[in-house]
Structures are given as structure tokens and as C-alpha cells.
Amino acid sequence: MTIIFLTVTALAVSACGGTSANQGGDSDGKLKVTSTIGMINDVVKQVGGDHVDAAALMGSGIDPHLYKASQGDVKKLDDADIIFYNGLHLEGKMAEMFEQLEKRKPTVAVSSYLKEEQLHADPAQGSGSHDPHIWFNVKLWMSAAEVIRDTLAEKDPANAADYKQRAADYLKELEKLDAYAKEQISLIPEDKRILVTAHDAFGYFGEAYGLTVTGLQGMNTMSEYGSKDVSKLRDYLVENKIKAVFIESSVPKKSIESVIEGARQLGHEVKVGGELYSDAMGDEGTEEGTYIGMVKHNVDTIVSALK
């Protein structure tokens, strides 16, 4: 099913009948908010509280780079009062749909508050492209809470004061999380602060918390990796005497396992230091199924393996 078909379907649903976007909320007065990824959805829940009915399109283990919207997703987007997405081409296959939806309802990229100098370039995707994994720098992700706060307040001014207070409380928690990450990563000896993962999703994390980061694939998992990439990363592990690498919950393990095997054949033993959450959080209802819990899990896993 192509994006064009889905976009036409979405417009057709809108034309055939009223949606909650036109009615200003669902039957119990809550704003219906649909987000693409779980990290955004969790912030919506934290800031929106009981005033919102929040849902995410992509659950745990889902790679947003490769995600294609289903017909059911189209209905969720069409029924929503507000749509939040990451932007920066994270949800590349849905770009045309967002362009159509933003003509009819608030359809907001949470990366919109960030300035060019705060973003990392993604040379593999061409001029003007950026690394979309902004949630790995907690300070940057605080801007997502501000975008969501302001959007909810504008759409629902009657509850604007509550959105602002909840956002202020949540931002304090994110400040603590940022401090926690810095403190814990500092426990790793400097010469061991090298993070090797399946794809290059942790650039913002490395910059914020003092780690050298490299991945087998590029920033976008749509990019293919080949034998040269495997050999290059294998040699990097051997030359730098790196003892642990990390798999990701939303990326097949075989990609990094081939690097480990290559190093082993050269006489260098490398272990899997643990599984990190990169482009998706953990299961709903778990600590790792929240943004703060996801970041803490990653920090603790990295420190435990590298320290």
C-alpha cells in the first residue's frame, strides 16, 4: 500500500463525515492526540494528563525509519484532534501524509523548536538532512515537552494553566534525568567510553554525555550495510580493544553479530553488553516503556558493560 493511496484514503474519510478534530475532542471532552513514536506519546501523557486521550502508532520494537502506515493508522490520524511526529525525516515514509493532514488540523513536528546549530548533519542522506534521534540528548528532548505544552494549550485554552504546570513539573524530572546520565557515564574510565551499536542512533547521546559513538549502519536503517562496513567496524573493535558492543531492540541482532564473529576470527573476543532502546521504547506498562525509564535503562546498561 503506497503513501499516496493512504493519503487519499485519509482525505476521503475526512470528507465522508465529521471527526473528533472538528468536534473539539471525544465524547468525554478529552483531546484525542495521536503520536507516531512512543517517546512522543509518553510526553503527551505526562503533559496532557487527564485532559488527553493519547495513542501512539508505533509500539515497542518498531523501527520508525522503515514504518509504513496501515489503513488503521489512517483512521487514528484522521480521528485525532492533534498529531505529533518527530520530524527530521525519522518517519520518512509518512512525510506526504503529514503534509496533507497539517492542512486540516494541528500536525506538529516536536523537533520544530530546535535550531540548526543544535542538530547533527546526516551526510548519508544528502545536504540539509539531520540526525533525527534528538531524544537521546535529554536537554534537546525538553524542547519536545515545550512544543507539546504549547500546542495543547493553544488547542484547549480552558486547560492551558494545567498543561503549563504539568510541563513545568515534567521538565524538572528531565533535568534530574540529564544530571543522572552525566553522573553515571562519568563512572566509566575515559579510555573505555566507546559506544558501538547496530546503527548510528546515539550521536546526540555521545555528545551530551561524553562518549565516542559508532554504528554499523548509518543514522537511517534504510541504508544498507555491506561487507566493507562489517570489516571496518571489526577492525575498529580490534584496534581499540573494545570488549563490548550493544544490540538494539528495534534492529535485527544479526547485523552486529556478524561484526562480533569477525573480531573473534581475528582473536579478539567481544561480548554483547546488553540491549539498548534506540528508535522505540520498551513494552507499555513497564519502566522501560516510559521515556525516563528508557533513558535510565540505556545509561545503566552502558555503564554496567563498559565500567
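Here goes a summary of the coordinates provided. All values derive from a computational prediction rather than experimental measurement. (Residues numbered from 1 in each chain as written. Predicted model: local features only at pLDDT ≥ 70, side-chain atom pairs only at ≥ 80, totals over all residues. Heavy atoms only, no water.)

For the chain, the helix and strand inventory stands at 11 helices and 8 strands. Evaluated residue by residue, the chain yields a buried proportion of 52% over its 307 residues. Excluding contacts between residues fewer than 6 apart, the proportion of contacts in the chain whose partners are at least 24 apart in sequence is 71%. A total of about 13,800 Å² of accessible surface is found on the chain, and carbon and sulfur atoms cover 48% of it. (Helix = DSSP H or I, 4+ residues; strand = E, 2+ residues; numbered from the N terminus. Buried < 20%, exposed > 50% of the residue type's maximum accessible area, 1.4 Å probe, protein only. Contact = heavy atoms within 4.5 Å. Areas by Shrake-Rupley, 256 points an atom, 1.4 Å probe, with all protein chains shown as cover.)

With that settled, the discussion passes to the packing of aromatic side chains. For the structure on display, the rule yields 8 aromatic pairs. Consider the rings of Tyr85 and Phe98, whose centres lie 4.1 Å apart with planes at 15°: the pair is stacked. Of this pair, Tyr85 sits in strand 3 (residues 82-85) while Phe98 is found in helix 5 (residues 95-101), placing the two residues 13 residues apart along the sequence. Grouping residues by exposure puts Tyr85 and Phe98 together as buried. Grouped by ring-pair contacts, the aromatic residues Trp135, Phe136, Trp141, Phe202, Phe205, Tyr209 and Tyr291 constitute a single cluster. Here Lys296 stacks its cationic end above the ring of Tyr180, 5.5 Å away from the centre of that ring. (Phe/Tyr/Trp six-rings, centres within 6.5 Å; stacked < 30°, edge-to-face > 60°. Lys NZ or Arg CZ within 6 Å of the ring centre and 35° of its normal.)

What follows concerns the pattern of salt bridges. Applying the stated rule across the entire model yields 10 salt bridges. A salt bridge links Glu284 to Lys45; the nearest nitrogen and oxygen atoms lie 3.7 Å apart. Remark: Lys45 occurs in helix 3 (residues 38-48) and Glu284 occurs in the loop between strand 8 (271-276) and helix 11 (291-306); sequence separation between them is 239 residues. Among the residues examined, Glu284 registers a relative accessible area of 72% and is labelled exposed. Here Lys182 makes a salt bridge to Asp178, at a shortest N to O gap of 3.3 Å. (Salt bridge = Lys/Arg side-chain N within 4 Å of Asp/Glu carboxyl O.)

Alternating positions in strand 3 separate into two faces, Ile82 and Phe84 on one and Ile83 and Tyr85 on the other, with burial throughout. Pairing of strand 1 (residues 31-35) with strand 3 involves 3 bridges; the strand directions are parallel. Looking across to strand 3, one finds that Thr34 is bridged to Ile83. Bridge count for strand 3 against strand 4 (residues 107-109) is 3 bridges, and the pairing is parallel. Bridging from a neighbouring strand, Phe84 pairs with Val108 of strand 4. In this fold, strand 3 hands off to helix 5, which returns the chain to strand 4; that crossover is right-handed. (Pairing = 2+ DSSP bridges. Right-handed = clockwise from strand over helix to strand, strands pointing away.)

A few words on the pairing of strand 1. Of all 5 residues that make up strand 1, 4 are buried, and the element is covered over most of its length. When strand 1 meets strand 2 (residues 52-56), the two strands line up parallel, connected through 5 bridges. The partner of Val33 across the bridge, within strand 2, is Ala54. Crossover strand 1 to strand 2 through helix 3 is right-handed.

Attention now goes to the nonpolar core. Grouped together as the largest cluster of nonpolar side chains are 76 residues, with contacts concentrated most on Trp141, Phe205 and Tyr291. Formed by 14 residues, the second largest nonpolar core is a distinct cluster that contains Ile194, Val230, Val245 and Ile260. (Core = buried A, V, L, I, M, F, W, Y, C linked by side-chain atoms within 4.5 Å.)

Time to look at unusual backbone geometry. Positive phi, close to 65°, is recorded for His89, a residue that is not glycine. Considering the arrangement of structural elements, one finds His89 in the loop between strand 3 and helix 5. With a phi angle near 55°, Lys241 is a residue other than glycine that sits in the positive phi range. Within the secondary structure layout, Lys241 lies in the loop between helix 9 (227-239) and strand 7 (244-248).

Moving on to the environment of Leu266. Along the chain, the position of Leu266 falls in the loop between helix 10 (254-265) and strand 8. Taking C-alpha positions, Leu266 is 9.0 Å from Asp235, a pair spaced 31 residues apart along the chain. Setting aside residues up to four positions removed in sequence, Leu266 forms contacts with Arg234, Asp235 and Val238.

Before going further, it helps to examine the packing of helix 3 against helix 6 (residues 138-155). When two helices pack together, their arrangement is captured by the angle between the axes and the distance separating the axes. In contact at an axis separation of 10 Å, helix 3 and helix 6 are set at 55° when each is read in the N-to-C sense. Compared by their axis directions, helix 3 and helix 6 come out oblique. You can see that helix 3 and helix 6 cross each other, and the crossing is right-handed. Together, Met39, Ile40, Val43, Val44, Val47 and Gly48 of helix 3 and Trp141, Ala145, Ile148, Arg149 and Leu152 of helix 6 make up the contact between the two elements. Of the residues in the contact of helix 3 with helix 6, the class split is 9 nonpolar, 1 polar and 1 charged. (Axes fitted to C-alpha atoms, helices over the stretch in contact; angles between N-to-C directions. Parallel < 35°, antiparallel > 145°, perpendicular 65-115°, else oblique. Left-handed = near helix turned anticlockwise from the far one by under 90°. Nonpolar A, V, L, I, M, F, W, Y, C, P; charged D, E, K, R; others polar.)

Don't take any of this as a statement about function, it's just geometry.
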